[in-house]
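A closer look at the structure
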Amino acid sequence: MCGILLGAFLLLRAFRERESVRAENGSFAVLGAAEFVVFVLATLGISDYLLNTILYQKLRLAEDKKLPGTLVAAGLVPSSVMAFSLLRVENPVELRTLLVCCVSIAAGAVLGTRLVGRMDGAKIRRVMGIALIGSMIALIVKIIVSEGGAGTATGLTPPQLAAALVFSVFWGVVNMIGVPMKPAGTAFFLILGMSPLGTLTLILVMGSIGPMSGAVSVIKSRRYHQKLCCAAVLFGVCGAVLGILFAITVNATVLNVLLIAVMLVAIVSMLRKPAPSGMAEQEGSVVK
(Lines give C-alpha, C1' and ligand atoms only; values in the text may rest on other atoms or scores of the structure.)
Protein backbone atom coordinates (compact mmCIF):
# COMPACT_ATOMS: atom_id res chain seq x y z
CA MET A 1 0.00 0.00 0.00
CA CYS A 2 2.81 2.38 0.87
CA GLY A 3 4.59 1.70 -2.42
CA ILE A 4 1.39 2.22 -4.40
CA LEU A 5 0.63 5.51 -2.59
CA LEU A 6 4.11 6.85 -3.30
CA GLY A 7 3.82 5.74 -6.92
CA ALA A 8 0.44 7.48 -7.21
CA PHE A 9 2.01 10.68 -5.88
CA LEU A 10 4.76 10.48 -8.53
CA LEU A 11 2.13 10.14 -11.26
CA LEU A 12 0.00 12.98 -9.86
CA ARG A 13 2.98 15.34 -9.69
CA ALA A 14 4.01 14.38 -13.23
CA PHE A 15 0.46 15.07 -14.47
CA ARG A 16 0.47 18.50 -12.84
CA GLU A 17 3.89 19.25 -14.32
CA ARG A 18 3.26 17.51 -17.65
CA GLU A 19 4.82 20.25 -19.76
CA SER A 20 8.16 19.99 -17.97
CA VAL A 21 7.94 16.17 -18.03
CA ARG A 22 7.44 16.22 -21.81
CA ALA A 23 10.57 18.36 -22.09
CA GLU A 24 12.72 15.77 -20.29
CA ASN A 25 15.06 13.61 -22.38
CA GLY A 26 13.83 10.22 -23.56
CA SER A 27 10.79 8.86 -25.37
CA PHE A 28 8.08 7.75 -22.95
CA ALA A 29 7.18 4.82 -25.23
CA VAL A 30 10.80 3.61 -25.28
CA LEU A 31 11.17 4.06 -21.52
CA GLY A 32 7.89 2.22 -20.89
CA ALA A 33 9.00 -0.78 -22.95
CA ALA A 34 12.42 -0.72 -21.28
CA GLU A 35 10.97 -0.61 -17.75
CA PHE A 36 8.66 -3.51 -18.55
CA VAL A 37 11.69 -5.61 -19.54
CA VAL A 38 13.78 -4.34 -16.59
CA PHE A 39 11.28 -5.56 -14.01
CA VAL A 40 10.57 -8.86 -15.76
CA LEU A 41 14.31 -9.47 -15.45
CA ALA A 42 14.25 -8.23 -11.84
CA THR A 43 11.96 -11.15 -10.93
CA LEU A 44 14.76 -13.45 -12.14
CA GLY A 45 17.19 -11.89 -9.66
CA ILE A 46 18.88 -9.28 -11.87
CA SER A 47 19.09 -5.94 -10.07
CA ASP A 48 16.78 -3.26 -11.47
CA TYR A 49 19.31 -0.71 -10.12
CA LEU A 50 21.97 -2.15 -12.43
CA LEU A 51 19.70 -2.28 -15.47
CA ASN A 52 18.30 1.21 -14.90
CA THR A 53 21.80 2.61 -14.33
CA ILE A 54 22.83 1.35 -17.77
CA LEU A 55 19.60 2.64 -19.34
CA TYR A 56 19.97 6.07 -17.69
CA GLN A 57 23.59 6.42 -18.76
CA LYS A 58 23.23 5.14 -22.32
CA LEU A 59 20.20 7.31 -23.08
CA ARG A 60 21.80 10.30 -21.26
CA LEU A 61 18.50 11.11 -19.61
CA ALA A 62 19.77 13.72 -17.15
CA GLU A 63 22.75 14.81 -15.07
CA ASP A 64 24.44 12.27 -12.78
CA LYS A 65 23.19 13.86 -9.57
CA LYS A 66 19.66 12.73 -10.47
CA LEU A 67 20.64 9.08 -10.98
CA PRO A 68 20.37 7.81 -7.36
CA GLY A 69 16.98 9.42 -6.83
CA THR A 70 15.74 8.05 -10.15
CA LEU A 71 16.77 4.50 -9.21
CA VAL A 72 15.01 4.82 -5.84
CA ALA A 73 11.78 6.29 -7.22
CA ALA A 74 11.58 3.93 -10.22
CA GLY A 75 11.61 0.84 -8.01
CA LEU A 76 8.92 1.91 -5.55
CA VAL A 77 5.85 0.15 -6.97
CA PRO A 78 7.44 -2.83 -8.82
CA SER A 79 9.64 -3.78 -5.85
CA SER A 80 6.64 -3.55 -3.51
CA VAL A 81 4.70 -5.95 -5.73
CA MET A 82 7.58 -8.44 -5.81
CA ALA A 83 8.11 -8.25 -2.04
CA PHE A 84 4.40 -8.71 -1.34
CA SER A 85 4.24 -11.78 -3.56
CA LEU A 86 7.04 -13.49 -1.60
CA LEU A 87 5.62 -12.53 1.80
CA ARG A 88 2.49 -14.49 0.90
CA VAL A 89 4.55 -17.71 0.91
CA GLU A 90 4.08 -19.52 4.22
CA ASN A 91 6.98 -18.95 6.68
CA PRO A 92 9.77 -18.11 4.18
CA VAL A 93 11.63 -16.16 6.89
CA GLU A 94 11.29 -15.68 10.65
CA LEU A 95 9.45 -12.47 11.59
CA ARG A 96 12.13 -11.26 14.06
CA THR A 97 14.83 -11.53 11.41
CA LEU A 98 12.67 -9.77 8.85
CA LEU A 99 11.81 -6.88 11.20
CA VAL A 100 15.41 -6.29 12.36
CA CYS A 101 16.68 -6.19 8.78
CA CYS A 102 13.84 -3.97 7.54
CA VAL A 103 14.10 -1.42 10.38
CA SER A 104 17.90 -1.31 9.93
CA ILE A 105 17.83 -0.75 6.19
CA ALA A 106 15.14 1.92 6.64
CA ALA A 107 17.40 3.79 9.08
CA GLY A 108 20.31 3.49 6.67
CA ALA A 109 18.15 4.74 3.78
CA VAL A 110 17.20 7.89 5.70
CA LEU A 111 20.88 8.56 6.41
CA GLY A 112 21.78 7.80 2.80
CA THR A 113 19.36 10.32 1.32
CA ARG A 114 20.93 13.04 3.47
CA LEU A 115 24.41 12.01 2.33
CA VAL A 116 23.61 11.88 -1.38
CA GLY A 117 22.07 15.36 -1.21
CA ARG A 118 25.54 16.75 -0.42
CA MET A 119 27.30 14.95 -3.32
CA ASP A 120 27.83 16.33 -6.82
CA GLY A 121 27.27 14.25 -9.95
CA ALA A 122 30.92 13.35 -10.54
CA LYS A 123 31.40 12.09 -6.99
CA ILE A 124 28.21 10.03 -7.16
CA ARG A 125 29.44 8.44 -10.40
CA ARG A 126 32.81 7.51 -8.88
CA VAL A 127 31.30 6.14 -5.66
CA MET A 128 28.80 4.04 -7.61
CA GLY A 129 31.51 2.66 -9.89
CA ILE A 130 33.75 1.63 -6.99
CA ALA A 131 30.86 0.17 -4.99
CA LEU A 132 29.69 -1.81 -8.03
CA ILE A 133 33.12 -3.44 -8.18
CA GLY A 134 32.62 -4.49 -4.54
CA SER A 135 29.17 -5.81 -5.40
CA MET A 136 30.59 -7.88 -8.24
CA ILE A 137 33.15 -9.40 -5.86
CA ALA A 138 30.27 -10.20 -3.46
CA LEU A 139 28.41 -11.88 -6.33
CA ILE A 140 31.41 -14.09 -7.05
CA VAL A 141 31.55 -14.97 -3.33
CA LYS A 142 27.85 -15.85 -3.47
CA ILE A 143 28.47 -18.17 -6.42
CA ILE A 144 31.26 -19.94 -4.52
CA VAL A 145 29.13 -20.22 -1.35
CA SER A 146 26.15 -21.59 -3.27
CA GLU A 147 28.29 -24.36 -4.75
CA GLY A 148 28.97 -25.60 -1.21
CA GLY A 149 25.31 -26.45 -0.62
CA ALA A 150 22.35 -24.29 0.36
CA GLY A 151 21.46 -23.42 3.95
CA THR A 152 18.12 -24.28 5.53
CA ALA A 153 17.63 -21.58 8.22
CA THR A 154 14.59 -19.32 8.15
CA GLY A 155 15.95 -17.02 10.89
CA LEU A 156 19.17 -15.71 12.39
CA THR A 157 20.68 -16.22 15.86
CA PRO A 158 21.23 -13.12 18.11
CA PRO A 159 24.93 -12.71 17.11
CA GLN A 160 23.98 -13.10 13.46
CA LEU A 161 21.16 -10.56 13.91
CA ALA A 162 23.68 -8.05 15.30
CA ALA A 163 25.84 -8.53 12.20
CA ALA A 164 22.77 -8.26 9.96
CA LEU A 165 21.77 -5.01 11.69
CA VAL A 166 25.14 -3.39 10.92
CA PHE A 167 25.12 -4.78 7.38
CA SER A 168 21.59 -3.54 6.71
CA VAL A 169 22.26 0.00 7.95
CA PHE A 170 25.36 0.19 5.75
CA TRP A 171 23.56 -1.08 2.66
CA GLY A 172 20.63 1.22 3.34
CA VAL A 173 23.07 4.13 3.06
CA VAL A 174 24.86 2.98 -0.11
CA ASN A 175 21.58 1.84 -1.70
CA MET A 176 20.41 5.47 -1.69
CA ILE A 177 23.58 6.42 -3.59
CA GLY A 178 22.41 4.02 -6.29
CA VAL A 179 24.40 0.89 -5.43
CA PRO A 180 22.43 -2.37 -5.78
CA MET A 181 22.21 -4.48 -2.61
CA LYS A 182 21.11 -7.79 -4.16
CA PRO A 183 24.56 -9.28 -4.94
CA ALA A 184 26.15 -8.38 -1.59
CA GLY A 185 22.97 -9.07 0.40
CA THR A 186 22.43 -12.48 -1.17
CA ALA A 187 26.03 -13.48 -0.46
CA PHE A 188 25.77 -12.23 3.14
CA PHE A 189 22.61 -14.13 4.07
CA LEU A 190 23.66 -17.32 2.27
CA ILE A 191 26.95 -17.28 4.20
CA LEU A 192 24.93 -17.00 7.44
CA GLY A 193 23.09 -20.20 6.49
CA MET A 194 19.75 -18.79 5.38
CA SER A 195 17.71 -20.89 2.96
CA PRO A 196 17.55 -19.70 -0.68
CA LEU A 197 13.85 -18.81 -0.34
CA GLY A 198 14.44 -17.03 2.96
CA THR A 199 17.36 -15.12 1.44
CA LEU A 200 15.34 -14.11 -1.62
CA THR A 201 12.45 -12.97 0.59
CA LEU A 202 14.75 -10.86 2.80
CA ILE A 203 16.50 -9.27 -0.17
CA LEU A 204 13.31 -8.37 -2.04
CA VAL A 205 11.52 -7.07 1.07
CA MET A 206 14.57 -5.04 2.13
CA GLY A 207 14.87 -3.86 -1.48
CA SER A 208 11.34 -2.52 -1.18
CA ILE A 209 11.60 -1.02 2.33
CA GLY A 210 14.87 0.82 1.60
CA PRO A 211 13.57 2.85 -1.38
CA MET A 212 10.26 3.56 0.39
CA SER A 213 12.14 4.93 3.42
CA GLY A 214 14.27 7.23 1.30
CA ALA A 215 11.56 8.15 -1.20
CA VAL A 216 10.11 11.08 0.76
CA SER A 217 13.47 12.91 0.73
CA VAL A 218 13.98 12.04 -2.94
CA ILE A 219 10.55 13.36 -3.88
CA LYS A 220 11.06 16.54 -1.85
CA SER A 221 14.43 17.20 -3.45
CA ARG A 222 13.06 16.59 -6.99
CA ARG A 223 16.36 14.96 -7.88
CA TYR A 224 14.90 12.28 -10.13
CA HIS A 225 13.92 11.83 -13.78
CA GLN A 226 10.13 12.03 -13.78
CA LYS A 227 9.54 10.46 -17.18
CA LEU A 228 11.53 7.30 -16.39
CA CYS A 229 9.93 6.98 -12.95
CA CYS A 230 6.42 7.28 -14.38
CA ALA A 231 7.29 4.62 -16.96
CA ALA A 232 8.43 2.35 -14.12
CA VAL A 233 5.27 2.94 -12.10
CA LEU A 234 2.97 2.20 -15.05
CA PHE A 235 4.89 -0.38 -17.09
CA GLY A 236 7.55 -1.67 -14.69
CA VAL A 237 4.88 -2.97 -12.34
CA CYS A 238 3.28 -4.84 -15.29
CA GLY A 239 6.64 -6.50 -15.94
CA ALA A 240 7.00 -7.44 -12.27
CA VAL A 241 3.49 -8.95 -12.18
CA LEU A 242 4.11 -10.90 -15.40
CA GLY A 243 7.41 -12.26 -14.09
CA ILE A 244 5.78 -13.34 -10.83
CA LEU A 245 2.75 -14.96 -12.50
CA PHE A 246 4.79 -17.01 -14.93
CA ALA A 247 7.51 -17.76 -12.37
CA ILE A 248 10.15 -17.70 -15.11
CA THR A 249 13.30 -19.62 -14.17
CA VAL A 250 16.78 -19.45 -15.66
CA ASN A 251 19.67 -21.87 -15.23
CA ALA A 252 21.80 -20.65 -12.28
CA THR A 253 25.04 -20.64 -14.29
CA VAL A 254 23.47 -18.64 -17.13
CA LEU A 255 21.97 -16.17 -14.64
CA ASN A 256 25.29 -15.68 -12.84
CA VAL A 257 27.14 -15.07 -16.11
CA LEU A 258 24.44 -12.61 -17.16
CA LEU A 259 24.64 -10.81 -13.81
CA ILE A 260 28.42 -10.43 -14.01
CA ALA A 261 28.16 -9.17 -17.59
CA VAL A 262 25.53 -6.59 -16.61
CA MET A 263 27.65 -5.45 -13.66
CA LEU A 264 30.73 -5.04 -15.87
CA VAL A 265 28.77 -2.92 -18.33
CA ALA A 266 27.43 -0.78 -15.47
CA ILE A 267 30.92 -0.35 -13.95
CA VAL A 268 32.44 0.75 -17.26
CA SER A 269 29.46 3.05 -17.85
CA MET A 270 29.92 4.73 -14.46
CA LEU A 271 33.72 5.06 -14.46
CA ARG A 272 34.25 5.97 -18.13
CA LYS A 273 31.10 7.89 -19.00
CA PRO A 274 31.56 10.82 -21.38
CA ALA A 275 29.87 14.02 -20.24
CA PRO A 276 26.42 14.62 -21.80
CA SER A 277 25.88 17.81 -23.72
CA GLY A 278 25.29 20.70 -21.36
CA MET A 279 26.67 18.88 -18.38
CA ALA A 280 29.99 20.71 -18.42
CA GLU A 281 28.16 23.93 -17.72
CA GLN A 282 26.23 22.33 -14.86
CA GLU A 283 29.15 20.50 -13.26
CA GLY A 284 31.83 23.09 -14.05
CA SER A 285 35.43 22.21 -13.30
CA VAL A 286 34.50 18.79 -11.88
CA VAL A 287 33.68 17.53 -15.39
CA LYS A 288 36.61 19.32 -17.01
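Description of the overall build of the chain
Looking only at helices and strands, the chain has 14 helices and 0 strands in total. Secondary structure elements in the chain, listed N-terminal to C-terminal, are α-α-α-α-α-α-α-α-α-α-α-α-α-α. By the burial criterion, 52% of the 288 residues in the chain qualify as buried. In the chain, once contacts between residues fewer than 6 apart in sequence are set aside, the share between residues at least 24 apart is 86%. Summed over all atoms, the accessible surface of the chain reaches about 13000 Å², with 68% contributed by carbon and sulfur.

Some points on the confidence of the model for the chain
Across the chain, pLDDT averages 81, with 83% of residues at or above 70. With pLDDT under 50 throughout, residues 274–288 is counted as low confidence; its partners more than four residues away or in other chains account for 16 contacts.

Here's the deal with the pattern of salt bridges
Throughout the structure, instances matching the rule amount to 3 salt bridges. Between Arg-222 and Glu-17 there is a salt bridge; the shortest N-O distance is 2.8 Å. In this pair, Arg-222 is assigned in the loop between α11 (196–221) and α12 (226–246) and Glu-17 in the loop between α1 (2–16) and α2 (18–23), connecting sequence segments 205 residues apart. Across the pair Glu-19 and Arg-22 runs a salt bridge whose closest N-O atoms are separated by 2.6 Å. Remark: Arg-22 and Glu-19 occur in helix α2; sequence separation between them is 3 residues, near one turn of the helix. Of the two residues, Glu-19 and Arg-22, neither departs from the other in class, the shared state being exposed.

Some thoughts on empty space enclosed by the protein
Inspection of every chain in the model, using the stated rule, returns 1 cavity of 30 Å³ or more. Around the largest cavity, the lining is made up of 16 residues, and of these Asp-48, Tyr-49, Asn-175, Lys-182 and Gly-207 lie nearest the centre. Looking at the lining of the largest cavity, the elements with two or more residues in it are α4 (48–59), α5 (67–74), α6 (76–87) and α11. If you tally residues by element for the lining of the largest cavity, the top one is α11, at 4 residues. Its residues placed into classes, the lining of the largest cavity shows 9 nonpolar, 5 polar and 2 charged.

Quick notes on unusual backbone geometry
Residue Arg-60 is not a glycine yet carries a positive backbone phi of 50 degrees. Tracing the backbone shows Arg-60 in the loop between α4 and α5. The phi torsion at Arg-222 lies on the positive side, around 65 degrees, for a residue other than glycine. Exposure remark for Arg-222: the relative accessible area of 40% places this residue in the partly exposed category.

Let's talk about the packing of aromatic side chains
In total, this model carries 6 aromatic pairs according to the counting rule given. Here Phe-170 and Trp-171 contribute two aromatic rings whose centre-to-centre distance is 5.6 Å and whose plane-to-plane angle is 85 degrees, an arrangement assigned as edge-to-face. Considering the side-chain rings of Phe-188 and Phe-189, the 5.2 Å spacing of their centres and the 80 degrees angle between planes classify their relative orientation as edge-to-face. Here Phe-188 matches Phe-189 in class, with each residue buried. Here the aromatic cluster, defined as three or more aromatic residues joined through ring pairs, consists of Phe-167, Phe-170, Trp-171, Phe-188 and Phe-189. Here the guanidinium or amino end of Arg-18 rests over the ring plane of Phe-15, the centre of that ring lying 4.4 Å away.

What to know about the nonpolar core
One finds Leu-10 and Phe-39 to be the most contacted residues of the largest nonpolar core, which totals 38 residues. The element best represented in this core is α12, accounting for 7 residues. For Leu-10, the residues in contact, after removing those within four places along its chain, are Ala-73, Leu-76, Ile-219, Tyr-224, Cys-229, Cys-230 and Val-233.

Focus: the layout of surface pockets
Empty pockets left among the atoms are what a rolling probe the size of a water molecule brings to light. Size it by volume and the second largest pocket reaches roughly 240 Å³. As for the second largest pocket, its lining consists of 14 residues, and the residues nearest its centre are Met-1, Ser-80, Val-81, Phe-84 and Ser-208. Of all the secondary structure elements, the ones that give two or more residues to the lining of the second largest pocket are α1, α6 and α11. It is α6 that contributes the most residues to the lining of the second largest pocket, 6 residues altogether.

Parameters at a glance
- Residue numbers run consecutively from 1 along every chain, following the written order of its sequence.
- Reporting in this predicted model follows two pLDDT cut-offs: at least 70 for local features of residues, and 80 or more for side-chain atom pairs to be given and counted; totals over whole chains, interfaces and linings ignore these cut-offs and use all residues.
- To obtain the side-chain values, all non-hydrogen atoms of the structure were included, while hydrogens and water were left out.
- For the purposes of this entry, the term helix denotes a DSSP run of H or I that reaches at least four residues, the term strand denotes a run of E that reaches at least two, and both are numbered from the N terminus.
- For the exposure calls, accessible area comes from a 1.4 Å probe over protein chains only, and a residue counts as buried if that area is under 20% of its type's maximum, exposed if over 50%, partly exposed in between.
- Whether two residues are in contact is decided by their heavy atoms: any pair within 4.5 Å suffices.
- Accessible areas in this description were obtained via Shrake-Rupley with a 1.4 Å probe; residue shielding takes into account the shown protein chains only.
- Per-residue confidence from the predictor is reported as pLDDT, which spans 0 to 100.
- Whenever Lys or Arg places a side-chain nitrogen within 4 Å of a carboxyl oxygen from Asp or Glu, that contact is recorded as a salt bridge.
- Cavity: a set of points on a 1 Å grid over the protein atoms alone where a 1.4 Å probe fits but cannot get out. Pocket: an open set with protein on both sides within 12 Å along at least five of seven lines, its lining residues, like those of a cavity, having an atom within 4 Å of a point.
- Grid points are joined across faces, edges and corners, and a volume is the space filled by probe spheres set on the points.
- Residues are grouped as follows: Ala, Val, Leu, Ile, Met, Phe, Trp, Tyr, Cys and Pro are nonpolar; Asp, Glu, Lys and Arg are charged; all remaining types, including Gly, are polar.
- Here a Phe, Tyr or Trp ring, Trp counted by its six-membered ring, pairs with any other such ring whose centre lies within 6.5 Å, and the pair is stacked when the planes are under 30 degrees apart, edge-to-face when over 60, and tilted otherwise.
- Sitting over a ring, as applied to charges here, requires NZ of Lys or CZ of Arg to be within 6 Å of the ring centre and within 35 degrees of the ring normal.
- Among buried residues, those of type Ala, Val, Leu, Ile, Met, Phe, Trp, Tyr and Cys that are joined through side-chain atoms within 4.5 Å constitute a nonpolar core.

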